[in-house]
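These are the residues of each chain, in order.
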Amino acid sequence: MLYNIKGTLTVTDVNFIVVECGGVGFKCYSTLNTIKTIGKTGSEVNVYTYLAVREDAMDLYGFASLAELEAFKLLITVSGIGPKAAVAILSELTPDKLALCIASGDSKSITRAQGVGKKTAERVVLELKDKMGSIAAGDTASVISGAASVAESSNTAEAVEALVALGYSQSDAAVAVGAMDKSLSVDEMIRLGLKQLARNL
């Protein structure tokens, strides 16, 4: 129904923004990432919207980017994930970071979102495994492809497990190892992975 709203940002709160367009203020529930990047009160903004209709309410959700809107729409297709949980996940993870987590099977990072438990996070990874790449930007999409292929090689999977045991997240470890030559030994992958991850800190 509503694809986007372009107007003046009149209110920013911890979980919503208000965009005035044609004399009407549209309250849009949103993510912390959008609220941080959308702009200052009084500025002209454009938000991409999703109207959630329930028996007792109609809530409008607004996002600063199409990628975040698409990620939101994918998340709410997962059983047990409603709009509020989707917003919580996207407040914790950008669409690209979420895509990396899903591609590498990193459900633990998703549980950092408020109100999202282990089983729900695992369901997100399972149900969206083949879908999240479609919302990732070009460079990130190639990284996601590398991270997803990690599981295909026992050496890379072992190296990722070792890096996770050293305290790195599954998605970061998978990205670091995913771009390596699959013929390298596990020890070599771990050594190079540690160097790469140290540079990213």
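See above for the structure.
Reference entry: report on the structure contained in this document. (Residues numbered from 1 in each chain as written. Predicted model: local features only at pLDDT ≥ 70, side-chain atom pairs only at ≥ 80, totals over all residues. Heavy atoms only, no water.)

**Description of the overall build of the protein chain**
Move 1: Looking only at helices and strands, one finds 10 helices and five strands in the protein chain.
Move 2: Look at the contacts in the protein chain between residues 6 or more apart in sequence, and 54% of them connect residues 24 or more apart.
Move 3: For the protein chain, the accessible area works out to roughly 10500 Å², and carbon and sulfur atoms hold 53% of it. (Helix = DSSP H or I, 4+ residues; strand = E, 2+ residues; numbered from the N terminus. Contact = heavy atoms within 4.5 Å. Areas by Shrake-Rupley, 256 points an atom, 1.4 Å probe, with all protein chains shown as cover.)

**Quick look at the nonpolar core**
Move 1: Leu75, Ile89, Leu98, Ile110 and Val124 are the most contacted members of the largest nonpolar core, which has 27 residues in total.
Move 2: Dropping the residues within four chain positions of it, Ile89 is found in contact with Leu75, Ile81, Leu98, Ile110, Ala113, Val116 and Val124. (Core = buried A, V, L, I, M, F, W, Y, C linked by side-chain atoms within 4.5 Å. Buried < 20%, exposed > 50% of the residue type's maximum accessible area, 1.4 Å probe, protein only.)

**Section: the packing of aromatic side chains**
Each pair of aromatic rings is reported with the distance of its centres and the angle of its planes.
Move 1: For the structure on display, the rule yields five aromatic pairs.
Move 2: Ring centres of Tyr3 and Tyr48 lie 5.9 Å apart, and the angle between their planes is 80°; this geometry places the pair in the edge-to-face category. Of this pair, Tyr3 sits in the segment before strand S1 (4-12) while Tyr48 sits in strand S4 (residues 44-53), placing them 45 residues apart in sequence.
Move 3: In this structure Tyr3 comes out as exposed when scored by relative accessible area, which is 52%.
Move 4: The interplanar angle of 40° and the centroid separation of 5.7 Å between the aromatic rings of Tyr29 and Tyr61 together place this pair among those described as tilted. Remark: Tyr61 occurs in strand S5 (residues 58-63) and Tyr29 occurs in strand S3 (residues 24-29); sequence separation between them is 32 residues.
Move 5: Its relative accessible area of 26% is what places Tyr29 among the partly exposed residues.
Move 6: Look at Tyr61 and you get buried, because its relative accessible area is 4%.
Move 7: One aromatic cluster in this structure is built from Tyr29, Tyr50, Tyr61, Phe63 and Phe72. (Phe/Tyr/Trp six-rings, centres within 6.5 Å; stacked < 30°, edge-to-face > 60°.)

**Concerning the side chain of Ser169**
Move 1: As for its position among the elements, Ser169 is in the loop between helix H8 (154-165) and helix H9 (170-178).
Move 2: Looking at Ser169, its side chain comes within polar contact range of the main-chain nitrogen of Asp172, at 3.1 Å.
Move 3: Once residues within four sequence positions are removed from consideration, Ser169 is found in contact with Asp106, Ser109 and Val164. (Polar contact = N/O pair within 3.5 Å; in protein donor to acceptor, adjacent residues only side chain to side chain.)

**A short note on the pattern of salt bridges**
Oppositely charged side chains are able to pair whenever their charged atoms sit close together.
Move 1: Counted under the stated rule, the structure contains six salt bridges.
Move 2: Residues Glu188 and Arg191 are paired through a salt bridge, measuring 2.6 Å at the closest nitrogen-oxygen approach. Taken as a pair, Glu188 and Arg191 lie in helix H10 (residues 186-200) at a separation of three residues, close to a single helical turn.
Move 3: By relative accessible area, which is 28% here, Glu188 ends up partly exposed. (Salt bridge = Lys/Arg side-chain N within 4 Å of Asp/Glu carboxyl O.)

**Quick look at the packing of helix H2 (residues 66-75) against helix H3 (residues 83-92)**
Move 1: At a minimum axis separation of 9 Å, H2 and H3 run at an interaxial angle of 135°. In terms of their interaxial angle, H2 and H3 are classed as oblique. For the crossing formed where H2 meets H3, the hand is right-handed. Of H3, the residues touching H2 (which contributes Glu68, Ala71, Phe72 and Leu75) are Pro83, Ala86, Val87, Ile89 and Leu90.
Move 2: Here the contact of H2 with H3 is composed, by residue class, of eight nonpolar, no polar and one charged. (Axes fitted to C-alpha atoms, helices over the stretch in contact; angles between N-to-C directions. Parallel < 35°, antiparallel > 145°, perpendicular 65-115°, else oblique. Left-handed = near helix turned anticlockwise from the far one by under 90°. Nonpolar A, V, L, I, M, F, W, Y, C, P; charged D, E, K, R; others polar.)

**Re H2**
Move 1: Buried within H2 we find Glu68, Leu69, Ala71, Phe72, Leu74 and Leu75.
Move 2: Where the residues of H2 are buried, they touch helix H1 (32-37), S4, S5, H3, helix H4 (95-104) and helix H6 (118-128).

**Here's the deal with H9**
Move 1: Every buried residue belonging to H9 is among Ser171, Ala173, Ala174, Ala176, Val177 and Gly178, and all of these are buried.
Move 2: Sitting at the amino-terminal end of H9 is Ser169, which places a side-chain oxygen 3.1 Å from the backbone nitrogen of Asp172.

**A look at the packing of H4 against H9**
Move 1: At a minimum axis separation of 8 Å, H4 and H9 run at an interaxial angle of 80°. Overall, the two elements H4 and H9 adopt an arrangement that is roughly perpendicular. Residues Lys97, Leu100, Cys101 and Ser104 of H4 pack against Gln170, Ser171, Asp172, Ala174 and Val175 of H9.

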